[in-house]
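# Commentary on secondary and tertiary structure
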There are 2 protein chains.
Amino acid sequence: MKKAAIISVGNELLNGNTVDTNSNWLESRLLTISIPVVYSCAIIDDIEEIKNAIEYASRKANIILITGGLGPTDDDITRDGIAKFLNVELEYHPEIFKKMENFFLSINRPLVEKNRIQAYLPVGASEIENDLGTAPGIFYQDDQKIIASFPGVPSEMKQMFDKSIFPKLQSLSADNLVIKKIKCIGAGESMIAEMIGDMMDRGRNPLINCTVDHGIITLHIIARAKDRKIAEDMAVKDTEKLQHILGPLIFGYDNQTIAEVAGQKLAEKKKTLATAESCTGGQISKMITDVPGSSRYFTYGWITYSNEAKISQLGVDKKLIEQFGAVSSEVATAMAIGARKKAGSDYAIAVTGIAGPEGGTEQKPVGLVYISIVGPNSVKTEKFLFGSRNRDFIRLRTCQVALNLLRLNLSI
Amino acid sequence: MKKAAIISVGNELLNGNTVDTNSNWLESRLLTISIPVVYSCAIIDDIEEIKNAIEYASRKANIILITGGLGPTDDDITRDGIAKFLNVELEYHPEIFKKMENFFLSINRPLVEKNRIQAYLPVGASEIENDLGTAPGIFYQDDQKIIASFPGVPSEMKQMFDKSIFPKLQSLSADNLVIKKIKCIGAGESMIAEMIGDMMDRGRNPLINCTVDHGIITLHIIARAKDRKIAEDMAVKDTEKLQHILGPLIFGYDNQTIAEVAGQKLAEKKKTLATAESCTGGQISKMITDVPGSSRYFTYGWITYSNEAKISQLGVDKKLIEQFGAVSSEVATAMAIGARKKAGSDYAIAVTGIAGPEGGTEQKPVGLVYISIVGPNSVKTEKFLFGSRNRDFIRLRTCQVALNLLRLNLSI
């Protein structure tokens, strides 16, 4: 049976400065292909420590994943640790160095001599390609075990694991596993769990796991069967059940974002969108334009951080601000109507609020936000209280809720 | 010298569902009393595993902190693992059971027979009092080592550690530790390492560690001395050395962001800023307004995603777009000049580029970006090639470089 162990290398992981999120991510990925993680550890940048950790891990597991310590600096010694464990030398790979030269050329930066060390691999090991950075990963396999070593940078590690290692490990797993993700917004984890009931029982197949990330609840449906078709049918059946139970709380599937789903609806209907942001300061527009091709429906955005900007750019009546304040239902509505008119768009989103930590009053506390969605036949402005806990939290929640209101508006 | 290791016990820590925050918290606390954590691991609920983990940890460290596995259920077996490691029996402590009875009485809940197991400790060990829950901790000390075992519930563990164990460890610690962080942008990790040279040697005091996150290089200076004042002087001296070597590559210290540093400079000079974003779609403004109080200097922002918006909102000459294209030095400059004028601000940042994945040509490939910074006495527009790898990467790099150019411009 396949069992995995994860070794995280780096002094910074042991001094309280950096929380290691890589292990957790790898554990989740391995779970989807039925490979349990039986051990994980964090160790300092030291060749002997790395060698010992691999030795110890290899007594518990036959798949050893290592993150960190593949950079070009003197404290990056994972490659030496692996070589020491395998009892082999490091070997220079000119073709890897060539690739690094091309990478540096493409980003217009000089390659320095220090980088050459990254073109060395333990004898018998091969390269794991890194499309996002210079440090190649290290792959080693024999009858007893697999060792795969990645840079510690999460974006690089994830891309490399999913592209090169996940398919290899998946093929080792006996069962066929089909995973579907259902993404929800608008209710908390415990409420969704209560709605779903015993579909979340631990022994169940499909297994339904629930994860939460910044207000987005993701349900992972993990169906397992010897036959792939059967597993797929099981996952589809559960998806339909959950659609029936959760209805409009579901905004998308797999890795979709709310901005992506709302954007798709705009593109399908050949409608355009403008934004007018105060407290979110550009974050809604950023999330909309994270989606490739968003220029098809997103045309204009304003960040009217000052009152003056709201008046001169969006045509908000000065008297409205004087009478109701910049953070008010009236001003949010006027911002949306103004943005829609100035941009000549079909829809407009406007937000105004108090993101804090300063600027709150008893009547208008930190966390108070007004969101307005204006469309061809509708004007809808809502008040929200997102609590006073944290500026980033209030801003992100505002963006998510605004985009979700647009999505719901477009679904009618 | 005192060295610590942390063992986290629990199946849930290894299936990707629970991030272990206890280790990180303990590391931070130990750092303040100069006790380095040299190893941490997460293991499954298994007596033999726990015994092995303590054995392995005790070869690296003389202070072993364990969290998790002290509850009343059958999978809580940390106390058995410790007893097995110490090669002793478990011993019943009626006074602990009495305390538990009182605790349950106070919260009006029935004590069940299952709880009795929590009144057992390995022979030779003593209780760590738990004021917040039923599970007492386990403390053991001999000439070679200290073992302290806590429940996994973070609030209980933290309270118990701070009340009972921290003072004990503090009295053992001989050294004082001072940590300073230096944040750099504008050169890769390898080039910075080459510039710093042997200051990054592993055995050196202060120790200098290097971490990278999305193009930001952080140097951690960790100075250690018996006397706090001496450690501080050492850290300051190294900071000055690095300032001399790295010069303008350093943008800030500790947890500062580039947007924060540039914003501080604007606030100090009582200057204002406007933004005009095309390919970054609001992300620069988002980063500026992540900083509390940014409304002092940030007033207006435009997201001119369409050509039409560039013309109508920023007054970019239509002929410029026709002649040079929307992604050109000329249009970037005209956007910045237009934004500065319309906002009546002192400075303006404008960016236009091709973030991909679509829209690139041979002449204007994905990753081509123009950034323009216009100030009271200067107009500066630069061309960048950020490579074709990834939309998020190109956009984030554009934002960082644009904010860094503004910072450098404000430093003159």
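I will try to describe carefully the structure that is included in this document. (Residues numbered from 1 in each chain as written. Chains lettered and ligands numbered in written order. Predicted model: local features only at pLDDT ≥ 70, side-chain atom pairs only at ≥ 80, totals over all residues.)

## Let's talk about the overall build of chain A
Where we set the bar: For helices the rule is a DSSP run of H or I covering at least 4 residues; for strands it is a run of E covering at least 2, with both sets numbered from the N terminus onward. Working definition of burial: number of other C-beta atoms within 10 Å of the residue's own, with buried at 20 or more, exposed at 12 or fewer, and partly exposed in between, all C-beta atoms being placed from the backbone. Distance between backbone-placed C-beta atoms decides contact: two residues are in contact if it is within 7 Å.
Scanning chain A from terminus to terminus reveals 13 helices and 17 strands. Seen through its principal axes, chain A has C-alpha atoms that stretch 80 × 55 × 40 Å. Looking at chain A as a whole, 48% of its 412 residues qualify as buried. Relative to all contacts within chain A whose residues are 6 or more apart in sequence, the contacts with residues 24 or more apart total 65%.

## Examining helix H13 (residues 391–411) of chain B
Operational definition: Expected helix span is given by 1.5 Å per residue-to-residue step, counting one fewer step than there are residues.
Between its terminal C-alpha atoms H13 of chain B stretches 30 Å, which fits the 30 Å expected from 21 residues at 1.5 Å a residue. Across the 21 residues that make up H13 of chain B, a large majority, 16, are buried.

## Description of the pairing of strand S2 (residues 37–43) of chain A
Under the convention used in this document: By definition, two strands form a pair when at least two bridges between them are found by DSSP.
Of all the seven residues making up S2 of chain A, six are buried; the element is thus mostly covered by neighbouring parts of the structure. Here strand S1 (residues 4–9) of chain A runs beside S2 of chain A; their pairing, made up of six bridges, is parallel. Considered in S2 of chain A, the bridge of Ser8 of chain A is made with Ala42 of chain A. In the sheet, S2 of chain A pairs with strand S2 (residues 37–43) of chain B via five bridges, with the strands oriented antiparallel. From the neighbouring strand, Ala42 of chain A faces S2 of chain B, where its bridge partner is Ser40 of chain B.

## Points about the sheet that holds strand S12 (residues 250–253) of chain A
Residue and element names in this part refer to chain A. Definition in use: The angle between two axes is taken between their N-to-C directions and runs from 0 to 180 degrees, where each axis is a line fitted to C-alpha atoms and a helix contributes only its stretch in contact.
Strands sit in the order S10-S11-S9-S12 across an open sheet of four strands; the sheet is antiparallel. Two strands bound the open sheet, and with one partner strand each, they are strand S10 (207–213) and S12. Across the sheet, the mean angle separating the axes of adjacent strands is 25 degrees when strand polarity is ignored. Against the sheet, helix H6 (residues 189–196) makes contact with strand S9 (176–184), S10 and strand S11 (216–225), and its axis sits at roughly 160 degrees relative to S10, the strand it touches most.

## Observations regarding the packing of helix H1 (residues 22–32) of chain A against helix H5 (residues 154–172) of chain A
The relative placement of two packed helices comes down to the angle between their axes together with the axis-to-axis distance. Residues and elements named next belong to chain A. Rule in force here: Throughout this description, any angle smaller than 35 degrees is read as roughly parallel, any larger than 145 degrees as roughly antiparallel, any in the 65 to 115 degree range as roughly perpendicular, and the remainder as oblique. Crossing handedness is defined as follows: a turn of the near helix away from the far one that is anticlockwise and smaller than a right angle gives a left-handed crossing, while the clockwise case is right-handed. Note that Gly is not counted as nonpolar here; it falls among the polar residues with everything else outside the nonpolar set of Ala, Val, Leu, Ile, Met, Phe, Trp, Tyr, Cys and Pro and the charged set of Asp, Glu, Lys and Arg.
Where H1 meets H5, the closest approach of the two axes is 11 Å, and the angle between their N-to-C directions is 25 degrees. By the angle between their axes, H1 is roughly parallel relative to H5. Here H1 runs over H5; the crossing is right-handed. In this structure, H1 uses Asn22, Trp25, Leu26 and Arg29 to contact H5, whose residues at the interface are Pro154, Met157, Lys158, Phe161 and Phe166. In the contact of H1 with H5, the residues fall into six nonpolar, one polar and two charged.

## Side note on the environment of Ile245 of chain B
All names here are of chain B. Within the element layout of this structure, Ile245 appears in helix H7 (residues 228–246). When the 14 C-beta atoms within 10 Å are taken as the criterion, Ile245 is described as partly exposed. For the pair Ile245 and Ile192, spaced 53 residues apart in sequence, the C-alpha to C-alpha distance is 9.4 Å. With sequence-adjacent residues up to four places away left out, Ile245 is seen in contact with Met195 and Ile196.

## Describing unusual backbone geometry
Of the consecutive residues Asn205 of chain A and Pro206 of chain A, the connecting peptide bond is found in the cis state with omega at 0 degrees. Topologically, Pro206 of chain A is positioned in the loop between H6 and S10. The omega angle of the peptide bond from Gly356 of chain B to Pro357 of chain B is 0 degrees, so this bond is cis rather than trans. Looking at the secondary structure, you find Pro357 of chain B in the loop between strand S15 (347–353) and strand S16 (368–375). Although it is not a glycine, Lys270 of chain A adopts a positive phi angle of roughly 55 degrees.

## Examining the interface of chain A and chain B
If you look at the interface, chain A gives 60 residues, while chain B gives 61 residues. Those elements that provide at least two residues to the side of chain A that touches chain B are H1, S2, helix H9 (283–289), strand S14 (298–304) and helix H10 (307–314) of chain A. Here the residues of the side of chain A that touches chain B are counted per class, giving 25 nonpolar, 24 polar and 11 charged.

## Concerning the pairing of strand S13 (residues 273–277) of chain A
Residue and element names in this part refer to chain A. Counting buried residues along S13, five of its five residues qualify, which places the element largely inside the surrounding structure. Residues Leu273, Thr275 and Glu277 point to one face of S13 and Ala274 and Ala276 to the other, with burial holding for every one of them. The pairing of S13 with S14 spans five bridges and is classified as parallel. Considered in S14, the bridge of Leu273 is made with Phe298. By the bridge criterion, five bridges tie S13 to strand S15 (residues 347–353) in an arrangement that is parallel. What sits directly across from Leu273, in S15, is Tyr347.

## A few points about H7 of chain B
Residues and elements named next belong to chain B. Where we set the bar: The reported arc concerns the directions from the helix axis to the C-beta atoms and nothing else.
For H7, with 19 residues, the first-to-last C-alpha span of 27 Å sits near the 27 Å given by 1.5 Å per residue. Buried within H7 we find Ala231, Ala235, Asp238 and Leu242. With its buried residues spanning 65 degrees around the axis, H7 presents them on a single face. Exposed and oriented more than 90 degrees from the buried face of H7 are Lys229, Glu240, Gln243 and His244.

## Let's talk about the sheet that holds strand S12 (residues 250–253) of chain B
All names here are of chain B. On the basis of which strands lie adjacent, the open sheet formed by four strands has the order S10-S11-S9-S12 and antiparallel pairing. Taken across any chain shown, the strands that pair with only one partner, and hence form the sheet edges, are strand S10 (207–213) and S12. Each adjacent strand pair in this sheet contributes to an overall mean axis angle of 25 degrees, direction not counted.

## Looking at the environment of Gly197 of chain B
Residue and element names in this part refer to chain B. Looking at the element boundaries, Gly197 is found in the loop between helix H6 (189–196) and S10. For Gly197, a count of 10 C-beta atoms within 10 Å corresponds to the exposed category. Spatially, the C-alpha atoms of Gly197 and Ile321 are 48 Å apart, while their sequence positions differ by 124 residues.

## Observations concerning the environment of Ile96 of chain B
All names here are of chain B. Inspection of the secondary structure puts Ile96 in helix H4 (residues 94–106). For Ile96, a count of 18 C-beta atoms within 10 Å gives the class partly exposed. Sequence spacing of Ile96 and Lys237 is 141 residues, and the spatial spacing of their C-alpha atoms is 53 Å. Setting aside chain neighbours within four positions, we find Ile96 in contact with Ala119, Glu127 and Pro136.

In short, geometric facts, not functional conclusions.
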